[in-house]
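Geometric and topological summary
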Amino acid sequence: MSRKLFIISTPIGNLSDLTDRARSTLKDVDLIFAEDTRVSIKLLRHLNLPTRTSSGKDRMISCHKFNEQSRLPELEKAFEEGLDVALVSDAGTPLLSDPGQKLVQNAIELGFEIFRNFLTRESEIISIARIIELVFLCIGRQCSIGLPHHKIGKMRTCRCSLRKFSFKRTYF
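What comes next concerns the included structure.

Cut-offs used in this document
Residues numbered from 1 in each chain as written. Predicted model: local features only at pLDDT ≥ 70, side-chain atom pairs only at ≥ 80, totals over all residues. Heavy atoms only, no water. 1 Å grid on protein atoms, 1.4 Å probe; cavity = no way out; pocket = protein on both sides within 12 Å on 5 of 7 lines; lining within 4 Å. Points joined across faces, edges and corners; volume = space filled by probe spheres on them. Helix = DSSP H or I, 4+ residues; strand = E, 2+ residues; numbered from the N terminus. Nonpolar A, V, L, I, M, F, W, Y, C, P; charged D, E, K, R; others polar. Phe/Tyr/Trp six-rings, centres within 6.5 Å; stacked < 30°, edge-to-face > 60°. Buried < 20%, exposed > 50% of the residue type's maximum accessible area, 1.4 Å probe, protein only. Salt bridge = Lys/Arg side-chain N within 4 Å of Asp/Glu carboxyl O. Core = buried A, V, L, I, M, F, W, Y, C linked by side-chain atoms within 4.5 Å. Contact = heavy atoms within 4.5 Å. Arc of directions from axis to C-beta. Polar contact = N/O pair within 3.5 Å; in protein donor to acceptor, adjacent residues only side chain to side chain.

Attention shifts here to the layout of surface pockets. Within this model, the second largest pocket holds a volume of roughly 290 Å³. Contributing to the lining of the second largest pocket are 13 residues, with Leu31, Lys57, Asp58, Glu81 and Leu83 lying nearest its centre. When contributions to the lining of the second largest pocket are tallied by element, the ones reaching two or more residues are strand 3 (60-62) and helix 3 (72-80). Ranked by residues supplied to the lining of the second largest pocket, first place goes to helix 3 with 3 residues. Among the residues making up the lining of the second largest pocket, the classes are represented as 5 nonpolar, 2 polar and 6 charged.

See the structure below:
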């Protein structure tokens, strides 16, 4: 009984950008929590991976911002059965502007080991994303601001107006 949760980044665009490690993990896990099963099923088919278990049950469960809380009992059942599970988003990194925080927090409380797979080779930008993702797991409330306006005056205005809110902000 391993009870592992793998947080797997998925390609933004080219499905072939997925690492061998992530591909192997998706092949080996018993259950996949996916932001949008319609998108994730295309990835599994592209990789020639099964979408159903040998007993005919779906390997994938939708887990998006509207139903994440209601999926926690399924995670608890997976823990009780000693299953390994994965969390994937439509494209990109789960937890970084995508759902999954409640699921991961619950997995930690249950006693799952948490593992992280990356989309591409370890690079500086992905290392930064990993640090931000782990911080968000700890603090609860987050706000990721994309690229702020290129003009300094407008950038300062944006930052000043966001300071009144009590959440951590990350600027890319």
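In the structure shown here, the tally under the stated rule is 2 aromatic pairs. A centroid spacing of 5.2 Å and a plane angle of 25° characterise the contact between Phe6 and Phe115, whose relative ring orientation is stacked. Taken as a pair, Phe6 in strand 1 (residues 4-8) and Phe115 in strand 5 (residues 113-117) lie far apart in primary sequence, 109 residues in all. Note on Phe115: relative accessible area 28%, which makes it partly exposed.

Below, the discussion takes up the pattern of salt bridges. Scanning the entire structure with this criterion turns up 5 salt bridges. Between Arg38 and Asp36 there is a salt bridge, with the nearest N and O atoms lying 2.9 Å from each other. Across the pair Glu74 and Arg71 runs a salt bridge whose closest N-O atoms are separated by 3.0 Å.

Looking now at the nonpolar core. Core analysis: the biggest nonpolar cluster contains 16 residues, and Leu5, Phe33, Leu75, Val85, Leu103 and Phe112 have the highest contact counts within it. Mapped by element, the contributors of at least two residues to this core are strand 1, strand 2 (31-34), helix 3, strand 4 (85-88) and helix 4 (101-110). No other element matches the 4 residues that helix 3 contributes to this core. Once residues within four sequence positions are removed from consideration, Phe33 is found in contact with Ile61, Cys63, Arg71, Glu74, Leu75, Val85, Ala86, Leu87, Val88 and Leu103. Listed in part, the 15 residues of the second largest apolar core include Ile32, Leu44, Met60 and Val88.

Next up on the list: helix 3. Buried within helix 3 we find Leu72, Leu75, Ala78 and Phe79. Angularly, the buried residues of helix 3 cover 115° about the axis, an arc narrow enough to put them on a single face. Lining the buried residues of helix 3 we find strand 2, strand 4 and helix 4.

It is worth spelling out the environment of Glu74 at this point. With respect to the element layout, Glu74 can be found in helix 3. The class for Glu74 is partly exposed, based on a relative accessible area of 28%. Residues Glu74 and Ile61 lie 13 residues apart in sequence; the distance between their C-alpha atoms is 8.9 Å. Excluding its chain neighbours within four sequence positions, the residues that come into contact with Glu74 are Phe33 and Ile61. Side-chain polar atoms of Glu74 contact the side chain of Arg71, separated by 3.0 Å.

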